[in-house]
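Overview (structure and organization)
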Amino acid sequence: MLQIQDTIVSLDLLRECFCCDLAACKGMCCEEGDGGAPLTEEEAETITADLDKIRPYMTSSGQKAVEDAGVAYTDPDGDLVTQLVNGRECAFAVKKNGTWSCAIEEAFNNGDSKLRKPISCFLYPVRITEHKKFTAVEYHRWNICKQAVCKGKGLSLPLYKFLKKPLIERFGQEWYDELDLTAKEFLKQFH
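Residues numbered from 1 in each chain as written. Predicted model: local features only at pLDDT ≥ 70, side-chain atom pairs only at ≥ 80, totals over all residues. Heavy atoms only, no water.

As annotated in an unreviewed UniProt entry, the protein chain is DUF3109 family protein from Candidatus Enterocola intestinipullorum.

For the protein chain, the helix and strand inventory stands at 10 helices and 10 strands. Relative to the compact-globule value of 16 Å for 191 residues, the protein chain shows a C-alpha radius of gyration of 17 Å, a close match. For the protein chain, the C-alpha atoms occupy an extent of roughly 55 × 35 × 35 Å along the three principal directions. Within the protein chain, buried positions represent 43% of all 191 residues. In the protein chain, the share of contacts with a sequence separation of at least 24, taken over all contacts with a separation of at least 6, comes to 64%. Accessible surface for the protein chain amounts to roughly 10,600 Å². Of this, 50% is attributable to carbon and sulfur atoms. Taken as two groups, the 24 positive and 30 negative side-chain charges of the protein chain have centres that lie 6 Å from each other. (Helix = DSSP H or I, 4+ residues; strand = E, 2+ residues; numbered from the N terminus. Rg over C-alpha atoms; globule rule 2.2 N^0.38 Å. Buried < 20%, exposed > 50% of the residue type's maximum accessible area, 1.4 Å probe, protein only. Contact = heavy atoms within 4.5 Å. Areas by Shrake-Rupley, 256 points an atom, 1.4 Å probe, with all protein chains shown as cover. Lys, Arg positive; Asp, Glu negative; His and termini not counted. Charge placed at Lys NZ, Arg CZ, Asp CG, Glu CD.)

This part is about the pairing of strand β8 (residues 99-102). Every regular strand shows the same layout, with side chains that alternate between the two sheet faces. Here 4 bridges tie strand β7 (residues 93-96) to β8, and the two strands are oriented antiparallel to one another. Within β8, the residue paired with A93 across the bridge is C102. The loop that links β7 with its antiparallel partner β8 comprises 2 residues; one of these, N97, has a positive phi angle of about 50°. (Pairing = 2+ DSSP bridges.)

By the definition in use, this model includes 5 aromatic pairs. Residues F18 and F162 carry aromatic rings whose centres are separated by 5.6 Å and whose planes lie at 50° to one another, so their mutual orientation is tilted. Here the residue F18 occupies a position in the loop between α1 (12-15) and α2 (22-25), and F162 occupies one in helix α8 (residues 159-162), the gap between them amounting to 144 residues. Classification of F18 as buried rests on a relative accessible area of 1%. On the basis of relative accessible area, F162 is assigned to the partly exposed category, the value being 25%. Geometrically, the ring pair formed by F171 and W175 is stacked, given 4.3 Å between the ring centres and 25° between the ring planes. Across this residue pair, the class does not change: F171 and W175 are buried. (Phe/Tyr/Trp six-rings, centres within 6.5 Å; stacked < 30°, edge-to-face > 60°.)

Topologically, Q147 is positioned in helix α7 (residues 146-155). For Q147 and G87, which are 60 residues apart along the polypeptide, the C-alpha to C-alpha distance reads 26 Å. Leave out the neighbours within four places in its chain, and Q147 touches D21 and A24.

Take the side chain of S10 next. Looking at the element boundaries, S10 is found in the loop between β2 (7-9) and α1. With a relative accessible area of 8%, S10 lands in the buried category. Among all residues touching S10, those that are not within four sequence positions of it are M1, V137, E138 and Y139.

On to the confidence of the model for the protein chain. Here the protein chain averages 93 in pLDDT, while 99% of its residues score no lower than 70. Between the elements of the protein chain, mean pLDDT differs from a low of 88, seen in α2, to a high of 97, seen in α8. (pLDDT = per-residue confidence, 0-100.)

Okay, here's the thing in C-alpha cells:
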C-alpha cells in the first residue's frame, strides 16, 4: 500500500495490468454480481433528477424496476446501489447485439444526463472504500475480467494508467500526477 494525499492505494494498481475487453466479456459486470453498482448520494440524486431523460435509453424491464422501487436501494452491507431487474442485471443496463451497455452513459453521451455513469462503474475494477481517516483505493479481481487482464498484459498497460481518466475525475489531476510519479519510482526497482 502507498499513501497518495488522503488515500491509501493498493500496489496492485501499479503492478497489475488491465484493459477492458468488451468484445470478450460482453459487459457482464452489468449483469453478474450480488448487487447493483455502488452509488454516492449525489449520483442517486442526479439520476433521479435526470430520470425522465434517461428513461428512453432504458429497457422496459429496467424502467419498471425503477418505477416500482426507485433508482437505488441500500444493500445488506448498508451501501447505496443501483436498482436491479429481478435481482439480476442493473436497471440501467441495456443489451445490444449481445453486449451490455449503460443507459445513463448513453444519455450522457447524447447530452441528456449530467452524470456519465456511476463513478464505481467508470473506475471498475478499482473499488473505493471510505474510512473515517482515509479513502482506500483497491483492485477488485473478478473472473469475468480475465480477458481484460490478458489484454492489459499484452499491452503492458498498468491498471492505474488504464484508469487514468476516471481516477482524475474522482481524485483530481494533482492526485493522479502524484500517483504516476510514485508509480514510476516504485516500478524502477523492478527493471
